[in-house]
Structure formats: C-alpha cells, structure tokens
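# Descriptive structure summary
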Protein chains: 2
Amino acid sequence: MSRSDELTVIERYFRPLAGEGAFDLSDDAARIVPEAGLDQVITSDMVASGVHFLPDDPPDTIARKALRVNLSDLASKGADPFGYSLNIALGPDVTDEWLAAFADGLAGDQKLYGIRLLGGDTISTTGATVVSVTAIGTVPSGRMVHRFRAVAGDYLYVSGAIGAAFAGLELLVDPESPFHGLDAEKAQNCMMRYRLPQPAVALTHAIRDYANAAMDVSDGLVGDADKLTAASGCTGTIIFDDIPLSEGLKEFADGPVAQRLITGGDDYEILASISPGNAEAFEKAGLSAGIPVSRIGWLAEGKGPVQVIKDGRELALGDRAYVHREQ
Amino acid sequence: MSRSDELTVIERYFRPLAGEGAFDLSDDAARIVPEAGLDQVITSDMVASGVHFLPDDPPDTIARKALRVNLSDLASKGADPFGYSLNIALGPDVTDEWLAAFADGLAGDQKLYGIRLLGGDTISTTGATVVSVTAIGTVPSGRMVHRFRAVAGDYLYVSGAIGAAFAGLELLVDPESPFHGLDAEKAQNCMMRYRLPQPAVALTHAIRDYANAAMDVSDGLVGDADKLTAASGCTGTIIFDDIPLSEGLKEFADGPVAQRLITGGDDYEILASISPGNAEAFEKAGLSAGIPVSRIGWLAEGKGPVQVIKDGRELALGDRAYVHREQ
C-alpha cells in the first residue's frame, strides 16, 4: 500500500482533528486568544521509531503515546491540557492505512483528554519515523508546579504503579527476560502499558493544590527522584517496599530485576513532593480522582542522589536512570 | 569525534540559550505569562537532513534554517517573534563539535530576531537528523493576518527576490544544472540563500497594517499564490516580468529554467494581497523596513489556479509547486 502526498495526508487525516483557532489547518499558523488569569505551560517531546516505540507497534498507540508523554508533563505541572502541534517525519514504511489509524488514535485522545490540534507539519524521511509534539496547557496565574520547589521534610509520593511499561518493553524485545514468567494476561497488560502510557491527567488539580514540587516519571523512578531533589537543592530517601509495583510484578521484588523496575523507563506516573500537613488531603484527592498515590519516602537536607532502602539497608544501584536507546 | 549523552548535550549546548520562563531547561515545561491585549500565533515546521538541508551543510546554518522557516511564517501572519521550542532527533553522525556550532547558530538568531528558547527535547536516532521547531509570536488582539482574507481586486505583492534558493539547491546537487553558468560570487550567494533563508521579519508590521491576506513563499511562488487564492475563494494573475528574480538570475528569464525559478522552493519571502488603496503605503513601509516589495499581479473573481502571463501569453506550467524530496 502506498502513501498519498503530504498535502493530501494533511487534508485527509489531520484536518478533521483541527480545533478552534487552527483554521482547519488552511492557514500558516494557529491563533490562541489567551484567557485572562491563566498562565500557559509549554512542553515538547519527541518519540522515534525503534527508540520510544517499536516499528511494528499499532499506529494508533504510537500517536497516543506521542501525545500522552506530553500530557504527562502537563499534568505534573498542574496544567490543564489546551492544545498541541504535531510535526511528523514519515518513514518509508508509512502507508495511508497507517496514517488513518494514527489519526484515529489522536482523535480518541483529543476527546479523552480535552485537547485540540493547533497545527503542524508533515514531511517524508528515508530514516525512522519521528513524531514531535509541542503541547500547551493552562494554569491559574502563578500556579504552575515546578520541579525545583521541593522542601526538606516533604513526603515523596508517586501516582499509580511502577514497572509495567519497562517489563512490557523487555517482553517485546528480550526473549531472555525473566518477565516471560508472567501469566499471559499480566504480560499483555505490561506490553500495553509500554505502548500506551496512562498519564495521570486526572491528578492535575491535586498536584496543583498540594504539591510543593512535581515531575513526571519517564526515565526511571530513582533517577527522576534524583533530578527532583537535585533541582530543589536537597536529597531524599525512598523505601523500596513502599514503591507501588504494578500488578504481577511484586513477585519480582526480591529478585535480581527488582532494581531495574525502579530505574526502567516509560512509567509516565507523577512524582510529587508534599508537605506532611497536606499529605492526607493529597491522598484523598488522589482517591477522588481515581488515581491512588503512594507515599514512598521523604526529602532531607543535604546533597547527592536519593538513597533507596530495602530490608533496612541501602540498595546499591547500578544505572539509576533509563536511557532510551535503539531497540 | 563522539557525542555526549543527552543530558550533557542539553546542559552544555541548549541551557545557555534558555530564555525567561524556560527555567534554565531544568523543569519539565516552560511558562508563558500572556500579555493582555495580545493574541498568540503558533506555527510548527520540521526540517530533515537530505530533504530540507544537506547532510554536509554547516550546522549553524541548519539550526538557523530550522528556526527561520518558522520566523518566516510568523512574519507572514503579522506576528512578532516571542519564543520557540526545539525538538531534535540526532543522527549517528552528529558530534559535540556539530552541536556546538548548531547552538551558536541558534544563539546568533535569537539575538538577531529577538526570540527566546522555551524548551524542547533531544533524542538519538539511527536515521536522518530531524529538527522540529514550534514558534510562538504575538499580535495585538484580532490582528493576525490570514491566508484566506484576500479580496478580488487586490494587488498581489511579493517581498525581496525570488529564485536564488532554488538555484542554490541545484548548484549543490545537480552537476548538470544551467545555473553553473553563474559567476562564482553569484553562485555562492545562491547556495548561501538555500542554506540560510532571510525571513522578512522586518516586514511584519507592514504586513499587519496593510495586507488583507498573506503567507510565506516556501514551496514555490506560483503554487503558493494558488494556495492563497484558493483559500480566499478567488483567482488571480501574475505578470512574469514583474516577478523580482534574484540577482544574477534575470539572464535565465527567457530560458527553459525560468519556470522552475518561480515554482521552486525555499524562497521564504512573503506573498501579500493588498487593497489598491493601501499599495503606496505598503511599498513605502517595505522601503522603510529595508525589504522592497514588488507588485507582481492582481486577484480576480473566479476559481482555479493563478495564471502567469509572459510576453502577453499564459505560461503553460508543469509543476506549479515545489515538493521537498530526498536529495
């Protein structure tokens, strides 16, 4: 199956996704009329075939992943989704059928998360398909949540559960992975979680209301906790047994892969630093939003990487963060 | 020469470029506090190695081109540059030396055009290097210039000169091109113009004040005029001899490549539709801004592609627009 030219691709697949201010993608740019009393939060992420998704992944999940990794950033800043622009470099294998499914995925997520397409660019490349999204969200003036405002004495929380996406990636690319011991349904869930992040958008207002600092967990829980504490000028402790491992993965908690679950990528959960006085309210807000939050440790004065305690001892970790590499 | 890891790349080369609201790229997102009375104009363009620039092009011109193609869109909408986000997929050949020169190019253009880096993402790919920019500009409320508001009876104007970039590309990739007949200095100018567009940013306010409709000329003058008239529900006429061909290219005006000069890509000039009553003021504003504008035709009621008249007859054109393809 072949591919239509770029103008046809835009007209056929992307024009139907254009929201208010995008002029049906028939202008050179979109217009935003900012609402008084709101600040904007801008984030950009790029995903590439073979690095952040696999060439054979379903195109609708590729589209959703490209959008959701950005939605995850917005949620961690306390920002409500507003709009996004989409630039794609289409590799030689991309067909009209692929594009139709890709656009369907975007349409579904636009409805699900209340975000509109503002514009973009479509080009052809002989290399890997690359999808670049810039997303814009809004917060009430001055209410953006930062990575660098955590305070020693805060509790460290994480949303949802950790590890499924990393296990899913191993299942997809490593025939020797111990996660092949998972039963079929749990294995399927892990692979789906790798392909299709579940950004904690429902937690956005709880983050905005209660977090001193927050960031999304995309490159490994431990390494991202290091980044949050380093940005805030403090250090911290994580209690391994308090980390909410994804369903089916608790059985690996005492094995050699346990460390990789908490340093592997693609969780797209939120790490939040919460004053002890706000902890109860934050936990309740998480439950109301349908996204449980777990207290996994605390922040302390000092410098240097976060220590992870297991069975009363500090875990010696090799890699602390996940680096997205060609698979 | 090798390449540092992505975090080091960001810290070393991109952090120094971060502007107000970008938090030294140490947060997950940037913040914009919109100014009352201004609308925002958002545009996105992607350039890929081998398609929009050549793999051996100097990295500083690649960076500038990626930014300038977006600045050209903003100018054509009457929008002043504000900020941009930058996503790059780095191919295997990209070294630290390359990145240092790339960042230098951005730094130079940030000063030249008054635009700040807001954030972005850096990933690695085994394919072609791809640079994706989303640029944000501002206009006074309601003053964005559109592609679709041209009126039959308007004069059609183009800024600067047409053809040099296309001739430059031919000089770079086609040993048989007739443009090899140019003297060395003119040939050099053409190649430089391909690598380094000169967006008509200085014309921004003239466009905003006088144009009924405008767009930038990136995919060939004739095809872009077709797009402007189609979007506005009219048609038009261009007088070939009134098209301002770039220096040195007038000698080709009667040869077989003349048509390709007015349908080739990468001019990054502005096409504007001006009411006759505003024509004189627009021309004066262009001279004041240091960018002469040329009246090349007019718009008329009707449908269908713009006709190009040469020596009293309609030119039969093959391709009307330029398609960026792998070189």
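Keep in mind that this is a model prediction, so the values were computed, not measured. (Residues numbered from 1 in each chain as written. Chains lettered and ligands numbered in written order. Predicted model: local features only at pLDDT ≥ 70, side-chain atom pairs only at ≥ 80, totals over all residues. Heavy atoms only, no water.)

### Quick notes on unusual backbone geometry
All names here are of chain A. A positive phi angle, close to 50°, is found at Phe 23, a residue other than glycine. Inspection of the secondary structure assignment puts Phe 23 in the loop between α1 (6–14) and β1 (30–32). Despite not being glycine, Leu 25 has its phi angle at roughly 55°, a positive value. Structurally, the position occupied by Leu 25 is in the loop between α1 and β1. (Helix = DSSP H or I, 4+ residues; strand = E, 2+ residues; numbered from the N terminus.)

### With respect to the relation of the copies chain A and chain B
Taken as rigid bodies, chain A and chain B are interconverted by a rotation of 180° and an axial shift of 0.0 Å, the fit giving an RMSD of 0.0 Å. Viewed as a symmetry operation, the transformation between the two copies matches a two-fold axis. Across chain A, the rotation axis passes nearest the C-alpha of A:Gly127, at a separation of 2.1 Å. Comparing interface residues between copies, 100% of those in chain A also sit at the interface in chain B, which points to an isologous, same-surface contact. (Least-squares fit on C-alpha atoms with pLDDT ≥ 70 in both. Contact = heavy atoms within 4.5 Å.)

### Remarks on the sheet that holds strand β5 (residues 130–140) of chain B
With respect to topology, 5 strands assemble into an open sheet ordered β1(A)-β2(B)-β5(B)-β3(B)-β4(B), the strand pairing being mixed. Bordering the open sheet on either side are β1 of chain A together with β4 (116–124) of chain B, each of which pairs with just one other strand. The mean inter-strand angle of the sheet, taken between neighbouring strand axes irrespective of direction, is 20°. Pairing between strand β2 (residues 38–48) of chain B and β5(B): 11 bridges, direction antiparallel. Bridged to B:Val47 within β5(B) is B:Val131. The sheet strands contacting helix α2 (residues 59–76) of chain B are β2, β3 (80–90) and β5 of chain B, and the helix crosses β2(B) at an angle near 145°. (Pairing = 2+ DSSP bridges. Axes fitted to C-alpha atoms, helices over the stretch in contact; angles between N-to-C directions.)

### Let's talk about the environment of B:Val323
Residues and elements named next belong to chain B. One can find Val 323 in the segment after β12 (313–314). Classification of Val 323 as partly exposed rests on a relative accessible area of 40%. Residues Val 323 and Thr 263 lie 60 residues apart in sequence; the distance between their C-alpha atoms is 9.7 Å. (Buried < 20%, exposed > 50% of the residue type's maximum accessible area, 1.4 Å probe, protein only.)

### Structural notes on helix α5 (residues 184–195) of chain B
All names here are of chain B. Here α5 contains 12 residues, and its C-alpha end-to-end distance of 17 Å stays within 8% of the 16 Å for a straight helix at 1.5 Å per residue. By the burial criterion, the buried members of α5 are Ala 187, Cys 190, Met 191, Arg 193, Tyr 194 and Arg 195. Near the N-terminus of α5, the side chain that reaches the backbone nitrogen of Glu 185, with its oxygen 3.1 Å away, is that of Asp 183. (Expected span 1.5 Å × (residues − 1). Polar contact = N/O pair within 3.5 Å; in protein donor to acceptor, adjacent residues only side chain to side chain.)

### Here's the deal with the domain arrangement of chain A
A common way to state how big an interface is: give the accessible area lost once the parts meet. All names here are of chain A. Domain annotation of chain A identifies domain 1 (6–140) and domain 2 (155–314). Here domain 1 and domain 2 have C-alpha centroids that lie 26 Å from each other. Tallying the contact residues gives 25 residues for domain 1 and 22 residues for domain 2. With both sides pooled, the region where domain 1 packs onto domain 2 buries about 1,800 Å², and carbon together with sulfur makes up 59% of that total. Seen at the junction of domain 1 and domain 2, the total is 3 salt bridges. Two residues, Asp 266 and Lys 65, come together in a salt bridge whose shortest N-O distance is 2.8 Å. Summed over the shared surface of domain 1 and domain 2, the number is 11 residue pairs in polar contact (both at pLDDT 80 or more). Those elements that provide at least two residues to the side of domain 1 that touches domain 2 are α2 (59–76), β3 (80–90) and β5 (130–140). In terms of residue count, α2 provides more of the side of domain 1 that touches domain 2 than any other element does, 10 residues in total. (Domains from an automatic or database assignment. Buried area = accessible area lost by both parts, 1.4 Å probe. Salt bridge = Lys/Arg side-chain N within 4 Å of Asp/Glu carboxyl O.)

### Remarks on the interface of chain A and chain B
The interface is formed by 54 residues belonging to chain A together with 54 residues belonging to chain B. Across the interface of chain A and chain B, roughly 4,200 Å² is buried in total on both sides, 54% from carbon and sulfur atoms. By the criterion of area lost to chain B, the three top residues of chain A are A:Asp28, A:Ile42 and A:Met46, representing 16% of everything that side buries. The tally of links between chain A and chain B comes to 6 salt bridges. For B:Asp28, the salt bridge identified is with A:Lys77, shortest N-O distance 2.8 Å. Joining chain A to chain B, the criterion identifies 29 residue pairs in polar contact (both at pLDDT 80 or more). If one sorts the elements of the side of chain A that touches chain B by residue count, strand β2 (residues 38–48) of chain A sits on top with 11 residues.

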